[in-house]
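What follows is the residue order along each chain.
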Amino acid sequence: MALALLGCGSDGDTENGEPAADEQQSVEVPSEAEEREEAPQVEAITVVIETDARLDNRRQMQVSGTTNLPERAQLQVVVERESSRVRWRSNVNVDAEGDFEAGPFGPGSGLPDGLYLIEVTMPPANVQPLAVRERIGERGEHLTGELVQEANHGLGNEVRYRSQVELGDQRSIRYIDGS
């Protein structure tokens, strides 16, 4: 601890009981190392994302999901038909319970049977709301796990989840991998 001494010697108090102006007082000034030690440690987040896809009455896909990313984290949900590479995307925010909902995905005539890729990504930390950046770090440095990787664009870590589903007859969805 560093100590700073203020004033110079006298041993008396003033008449109103306050220290004399020239009485010595010590004030503790924390060193830089102590300030760093006192900074709250942010616990790493091992990112988890799970999705559930369903078809509505128009045969368009709705994707709901859960995650342990912070409330208000911005996510992008993409559904891609594998045979044609046609893609639909939606931007969503994580709610207070860790849930998100995206869709409907697909043309007005409905999605044809086939394989579809569901991808959920979190844009870089620098475009996330301040409260989210405070939790995940300015470059996403507090994010860990299989879904986290260093971004190609040099803006820190990014989150990427992928799942494949198969649409069949009678509005059924079969999960191939992912959740």
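Residues numbered from 1 in each chain as written. Predicted model: local features only at pLDDT ≥ 70, side-chain atom pairs only at ≥ 80, totals over all residues. Heavy atoms only, no water.

A short note on the overall build of the protein
The cut-off we apply is this: Runs of E in the DSSP output that reach at least two residues are strands. Runs of H or I that reach at least four are helices, and both are numbered from the N terminus. The cut-offs for exposure are 20% and 50% of the maximum accessible area for each residue type, with area from a 1.4 Å probe on protein chains only; residues under the lower value are buried, those over the upper are exposed, and the others partly exposed. Any two residues whose heavy atoms approach within 4.5 Å are treated as being in contact. In short, Shrake-Rupley with a 1.4 Å probe defines the accessible areas, and a residue's cover is counted only from the protein chains shown.
Along the backbone of the protein there are two helices and 13 strands. Evaluated residue by residue, the protein yields a buried proportion of 37% over its 179 residues. For the protein, the proportion of contacts with a sequence separation of at least 24, taken over those separated by at least 6, is 54%. Only carbon and sulfur atoms are counted for the fraction: they give 46% of the accessible area of the protein, which is about 10,800 Å².

Some points on the sheet that holds strand β5 (residues 61-67)
Test applied: Only when DSSP finds a minimum of two bridges between them are two strands counted as paired. In this analysis an axis means a line fitted to C-alpha atoms, helices contributing only their contacting stretch, and an angle means the value between N-to-C directions, from 0 to 180 degrees.
Strand order in the open sheet formed by three strands is β4-β5-β8, and the pairing between neighbours is antiparallel. Edge strands, defined here as strands with exactly one partner in the open sheet, are β4 (49-55) and β8 (99-105). For this sheet, the mean inter-axis angle between neighbouring strands, taken without regard to orientation, is 15°. Direction of pairing for β4 relative to β5: antiparallel, over a ladder of seven bridges. Within β5, the residue paired with Asp52 across the bridge is Ser64.

A few points about unusual backbone geometry
Leaving glycine out, the prevailing phi sign among residues is negative, and the prevailing peptide bond configuration is trans. The peptide bond linking Gly103 to Pro104 adopts the cis configuration, its omega dihedral lying at 5°. Residue position: Pro104 is located in strand β8. Positioned with a positive phi, Arg59 is a non-glycine residue whose angle comes to about 65°. Residue position: Arg59 is located in the loop between β4 and β5. Residue class for Arg59 comes out buried when judged on its relative accessible area of 18%.

Regarding the pattern of salt bridges
Threshold: Take a side-chain nitrogen of Lys or Arg and a carboxyl oxygen of Asp or Glu: if they are within 4 Å of each other, that pair is a salt bridge.
The tally for this structure, following the rule as stated, stands at eleven salt bridges. A salt bridge links Glu80 to Arg85, with the shortest nitrogen-to-oxygen separation between them at 2.8 Å. Taking relative accessible area as the criterion, Arg85 reaches 53% and is therefore assigned exposed.

What about the pairing of strand β9 (residues 114-122)?
In terms of burial, β9 is a largely internal element, seven of the nine residues being buried. As paired strands, strand β6 (residues 74-81) and β9 are joined by six bridges and run antiparallel to one another. Paired with Glu80 across the strands is Leu117, a residue of β9.

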